[in-house]
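# Overview (structure and organization)
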Amino acid sequence: MKALSETDIRASFVNATKGEIARIPLPGLHEVLWSDREYLGWRDHGAPLRGYLVHWVDDRPVGVVLRASSVSMRPGISAMCSLCRTPQPSDQVTLFSAARAGESGRNGNSVGTYICADLACSLIIRITPPKLPMQPDPAEIVARRAQGLLDRVNNFTADVMKTA
Ligand SMILES: [Zn+2]
């Protein structure tokens, strides 16, 4: 993805008030490897149920404030992130809800989805599978996962922004 500045990020949130946006702690951007990411995601250490996701929709940064469910899934089962589709132990996937943008969100409407608890789908999809005969090249597998992740993040934030 293209790099985001702090100004881009603050201006990107579609489902939070100005006051809430001002209080969002930003991650250390100088450490981010932008070329290896489809979206920037981080959790809020001061408010453990909060998370944030920002990505580019064409030339516009779009950010979504997420709230993690305080109820965790049953331990010991496997779960799947709906953005990167990586199957994982259930404690590494969290049900997040995002208030819808605008009046709909202020009226209590939200979109719920299961996402990697650390909001680091871009890292997990880059764990290269072993090279096997009869299987696509590992680099191609990662490229396909990245495209799938991009598409699903787009669909997710488009859904949050849908006002009807
Ligand atoms: Zn994921």
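An unreviewed UniProt entry annotates the protein chain as FBP domain-containing protein originating from Lacisediminihabitans changchengi.

Looking only at helices and strands, the protein chain features five helices and seven strands. In the protein chain, the succession of helices and strands from N to C terminus is α-α-β-β-β-β-β-β-α-β-α-α. Here the C-alpha atoms of the protein chain give a radius of gyration of 16 Å, agreeing with the 15 Å that 2.2 N^0.38 yields for 164 residues. Counting across all 164 residues of the protein chain, residues that qualify as buried make up 29%. Here the contacts in the protein chain between residues at least 6 apart in sequence split such that 56% fall between residues at least 24 apart.

On to unusual backbone geometry, then. Note on backbone geometry: most residues besides glycine have negative phi, and most peptide bonds are trans. Backbone geometry at Arg85 places phi at a positive 60°, although glycine is not the residue there. Residue Arg85 is classed as partly exposed on the basis of its C-beta count, with 13 C-beta atoms lying within 10 Å. For Met134, which is not a glycine, the phi torsion comes out positive at approximately 70°. Taking the C-beta count within 10 Å as the criterion, Met134 has 4 such neighbours and is therefore assigned exposed.

Once that is clear, we can look at the nonpolar core. Residues Leu66, Leu83 and Cys116 are the most contacted members of the largest nonpolar core, which totals 31 residues. Counting residues per element, the ones that place at least two in this core are β2 (50–57), β3 (60–68), β6 (93–99), β7 (110–116) and α5 (138–161). By residue number, the principal contributor to this core is β3, which donates five residues. The residues touching Leu83, leaving out its near neighbours within four places in the chain, are Ile115, Cys121, Leu149, Arg152, Val153 and Phe156.

Another aspect to go through is the pairing of β3. A large share of β3 lies buried, amounting to seven of its nine residues. As defined by bridge partners, β2 adjoins β3 across eight bridges and the pair is classed as antiparallel. Across the sheet, the residue bridging to Trp56 is Pro61, located in β3. The hairpin formed by β2 and β3 contains two residues between the paired strands, and Asp58 there has a positive phi angle of roughly 55°. Summarising the sheet, β3 and β6 pair through two bridges and their orientation is antiparallel. Paired with Arg67 across the bridge in β6 is Ser97.

Procedures and definitions
- Residues numbered from 1 in each chain as written.
- Predicted model: local features only at pLDDT ≥ 70, side-chain atom pairs only at ≥ 80, totals over all residues.
- Helix = DSSP H or I, 4+ residues; strand = E, 2+ residues; numbered from the N terminus.
- Rg over C-alpha atoms; globule rule 2.2 N^0.38 Å.
- Buried ≥ 20, exposed ≤ 12 C-beta atoms within 10 Å, placed from the backbone.
- Contact = placed C-beta atoms within 7 Å.
- Core = buried A, V, L, I, M, F, W, Y, C linked by C-beta atoms within 7 Å.
- Pairing = 2+ DSSP bridges.

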